[in-house]
Amino acid sequence: MELFKYMETYDYEQVVVCQDKQSGLKAIIAIHDTTLGPALGGTRMWTYDSEEAAFEDALRLAKGMTYKNAAAGLNLGGGKTVIIGDPRKDKNEEMFRAFGRYIQGLNGRYITAEDVGTTVADMDLIHEETDYVTGISPAFGSSGNPSPVTAYGVYVGMKAAAKEAFGTDSLEGKTVAVQGVGNVAYNLCKHLHEEGASLIVTDINKEAVQRAVDDFGAKAVNTDEIYSVDCDIFAPCALGAVINDDTIPQIKAKVIAGAANNQLKETTHGDQIAEMGIVYAPDYVINAGGVINVADELYGYNRDRAMKRVEGIYDNIQKVIEISKRDGIPTYAAADRMAEERIERMKNSRSQFLMNPHNILTHRNR
Ligand SMILES: NC(=O)c1ccc[n+]([C@@H]2O[C@H](COP(=O)([O-])OP(=O)(O)OC[C@H]3O[C@@H](n4cnc5c(N)ncnc54)[C@H](O)[C@@H]3O)[C@@H](O)[C@H]2O)c1
Ligand SMILES: CC(C)C[C@H](N)C(=O)O
């Protein structure tokens, strides 16, 4: 990858590479755009096949956060971190504290939270070094683990997409195929099960699958079978790029609505599923519940206020569908248009992010 060329093409502001020999920290903080406010986005810890793959993931995810935050109506820009390593084996206290010092060095341009492979306990360690972290323990006046709230947002967004596809937003009797039953999807399955949906699940983690089978009567399938199962709704809730040339011909669902970031491998795949008549709930619109929840910490966390805003994901999915129909474009492009128009409008009134009292996490107890 030619980093500067890539940054120039997609308008990235900054990439910070962090290395701490003692703890083994190898992190990439990507800040995409701070027009709307400080860049807020989670920290992913994952084993990457190459450094290039890690850079690509950080960059793609950071841009996704710019769009997610803009589309959700938040006064936040987009950024993301990836830490290279196995979250089950390579974590230590020094690593997250060293990472916290790097974040502190950015003086509020970047605020982190959880993503795949990181937990509330990790965020608490980061908080030892910086206030620019959200999703820490509720004892600090924080919002805690964002995953259940993300799951609730995906659930209400899925209902809005179902209304478009099936004429009703009831999910009772619908079959939902869920790819990955981790932190978000387990909670999503709970909502779906309570409403009377049938579940088909898969995960590379056998224990996660068994939990969904035991708790929700889900049917388990192999990881490569999830695309082709007979279902009404496909919910990608693992990693990105799962809507691609190989998987699209297998999909029988009428709706794609899930938590995973960057579900479309390329935008052409969004065009293809639109041509097939599949209602696609754009990933960063439907999975914004977590960031909406942690962002509320900037105002002194209020769960009722945050949840009310998360319920707005239903309306936001409907709005994207409306734009898609009005402008004759696929839903992914309609979401991009909605986000870009908001950023553009704000760019005309101010350019780069400047610190102000609402961007400082001073409302919590230490
Ligand atoms: N946690 C949040 O609040 C949040 C918010 C927005 C978006 N997301 C996105 O949602 C997705 C899930 O996040 P999470 O926090 O639940 O992560 P998680 O790590 O808890 O869950 C992901 C699950 O996917 C499984 N998995 C990985 N590769 C797989 C494969 N090839 N096939 C099947 N299963 C596979 C993992 O074993 C794991 O159980 C991620 O893409 C994340 O970026 C999460
Ligand atoms: C800020 C976090 C809750 C970010 C979350 N992992 C996301 O992708 O939206």
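Note that the structure is predicted; figures quoted are calculated from it, not measured. (Residues numbered from 1 in each chain as written. Chains lettered and ligands numbered in written order. Predicted model: local features only at pLDDT ≥ 70, side-chain atom pairs only at ≥ 80, totals over all residues. Heavy atoms only, no water.)

Engineer: Describe the site of ligand 2, naming the residues involved and giving the relevant values.
Structural biologist: Taken together, 13 residues lie around ligand 2, and Lys 68, Lys 80, Glu 114, Asp 115 and Asn 261 are the ones closest in. Lys 68 places a polar side-chain atom, nitrogen or oxygen, 2.5 Å from an oxygen atom of ligand 2. With respect to ligand 2, the side chain of Asn 261 contributes an N or O atom lying 3.0 Å from an oxygen atom. Among the secondary structure elements, those contributing two or more residues to the shell around ligand 2 are helix 2 (51-71) and helix 10 (289-295). No other element matches the 3 residues that helix 10 contributes to the shell around ligand 2. The residue inventory of the shell around ligand 2, partitioned by class, reads 6 nonpolar, 3 polar and 4 charged. When residues of the shell around ligand 2 are assigned to domains, at least three fall in each of domain 1 (3-64 + 76-137) and domain 2 (147-339). (Near = heavy atom within 4 Å. Polar contact = N/O pair within 3.5 Å; in protein donor to acceptor, adjacent residues only side chain to side chain. Helix = DSSP H or I, 4+ residues; strand = E, 2+ residues; numbered from the N terminus. Nonpolar A, V, L, I, M, F, W, Y, C, P; charged D, E, K, R; others polar. Domains from an automatic or database assignment.)

Engineer: Tell me about the layout of surface pockets, and please be specific about residues and values.
Structural biologist: Approximately 720 Å³ is the volume found for the second largest pocket. In terms of lining residues, the second largest pocket is bounded by 26 residues, among which Arg 60, Lys 63, Asn 262, Leu 264 and Thr 267 are the most central. Secondary-structure elements contributing two or more residues to the lining of the second largest pocket are helix 2, helix 9 (283-286) and helix 13 (331-349). Counting residues per element, the lining of the second largest pocket draws most heavily on helix 2, at 7 residues. For the lining of the second largest pocket, the per-class residue count stands at 13 nonpolar, 5 polar and 8 charged. When residues are assigned to domains, the lining of the second largest pocket turns out to be shared by domain 1 (3-64 + 76-137) and domain 2 (147-339), each giving three or more. (1 Å grid on protein atoms, 1.4 Å probe; cavity = no way out; pocket = protein on both sides within 12 Å on 5 of 7 lines; lining within 4 Å. Points joined across faces, edges and corners; volume = space filled by probe spheres on them.)

Engineer: Now, about the sheet that holds strand 10 (residues 233-236): what can you tell me, with residues and values included?
Structural biologist: Taken together, the 6 strands give an open sheet; going across it, the order is 9-8-7-10-11-12, and neighbouring strands pair in parallel fashion. Edge positions in the open sheet fall to strand 9 (219-220) and strand 12 (279-280), since each of these has one partner strand only. Relative to strand 10, strand 7 (residues 175-179) runs parallel, the two sharing 4 bridges. Bridged to Gln 179 within strand 10 is Pro 236. (Pairing = 2+ DSSP bridges.)

Engineer: I'd like a description of the site of ligand 1, backed by residues and values.
Structural biologist: For ligand 1, the set of nearby residues contains 21 residues, the closest of which are Arg 44, Thr 150, Asp 203, Ala 238 and Asn 261. Ala 259 places a polar main-chain atom, nitrogen or oxygen, 3.2 Å from an oxygen atom of ligand 1. In the complex, the protein chains occlude 85% of the 820 Å² of accessible area that ligand 1 would expose alone. Elements supplying a minimum of two residues to the shell around ligand 1: helix 5 (147-166) and helix 6 (183-195). Of the residues contributing to the shell around ligand 1, the split by class is 8 nonpolar, 9 polar and 4 charged. Among the domains, domain 1 (3-64 + 76-137) and domain 2 (147-339) are the pair contributing at least three residues each to the shell around ligand 1. (Areas by Shrake-Rupley, 256 points an atom, 1.4 Å probe, with all protein chains shown as cover.)

Engineer: Now, about the side chain of Asn 316: what can you tell me, with residues and values included?
Structural biologist: Positionally, Asn 316 belongs in helix 12 (residues 313-327). Residue Asn 316 is classed as buried on the basis of its relative accessible area, which comes to 14%. Polar side-chain contacts of Asn 316 include one of 2.9 Å to the backbone oxygen of Ala 71. Once you skip the residues sitting within four places of it in the chain, Asn 316 turns out to touch Ala 71, Ala 72, Val 285 and Met 338. (Buried < 20%, exposed > 50% of the residue type's maximum accessible area, 1.4 Å probe, protein only. Contact = heavy atoms within 4.5 Å.)

Engineer: Can you explain the pairing of strand 8 (residues 198-202)? Please cite residues and give values.
Structural biologist: Of all the 5 residues making up strand 8, 4 are buried; the element is thus mostly covered by neighbouring parts of the structure. Here strand 7 pairs with strand 8 via 5 bridges, running parallel. From the neighbouring strand, Gln 179 faces strand 8, where its bridge partner is Thr 202. The handedness of the strand 7 to strand 8 crossover, carried by helix 6, is right-handed. (Right-handed = clockwise from strand over helix to strand, strands pointing away.)

Engineer: Run through the side chain of Asn 244, naming residues and quoting values.
Structural biologist: Note on placement: Asn 244 falls in the loop between strand 10 and strand 11 (255-256). Separated by 2.9 Å, the side chain of Asn 244 and the backbone oxygen of Ala 241 make a polar contact. Here the side chain of Asn 244 touches Asp 246 through a polar contact of 3.0 Å, landing on its backbone nitrogen. In contact with Asn 244, not counting residues within four places along its chain, are Pro 249, Lys 265 and His 269.

Engineer: An account of the packing of aromatic side chains is requested, with residue identities and associated values reported.
Structural biologist: The description of an aromatic ring pair uses the distance of the two centres, along with the angle that the planes make with each other. Under the definition given, this model contains 6 aromatic pairs. Every member of this aromatic cluster is reached through a ring pair, and the members are Tyr 6, Tyr 10 and Tyr 12. Across from the ring centre of Phe 166, 4.8 Å away, lies the NZ or CZ of Lys 174, which sits over that ring. The ring of Tyr 186 carries Arg 211 above its face, with NZ or CZ at 3.7 Å from the centroid. (Phe/Tyr/Trp six-rings, centres within 6.5 Å; stacked < 30°, edge-to-face > 60°. Lys NZ or Arg CZ within 6 Å of the ring centre and 35° of its normal.)

Engineer: Give me the lowdown on helix 8 (residues 267-275), citing residues and values where you can.
Structural biologist: Given 3.6 residues per turn, any residue in an α-helix points the same way as the ones three and four places further on. Buried residues of helix 8: His 269, Gly 270 and Ile 273, and no others. Each buried residue of helix 8 sits inside an arc of 105° when the element is viewed along its axis, so together they form one side. Looking at the packing, one finds that the buried side of helix 8 touches strand 11, strand 12 and helix 13. Looking one or two places after helix 8, you find Gly 277, whose phi comes out positive at around 80°. (Arc of directions from axis to C-beta.)

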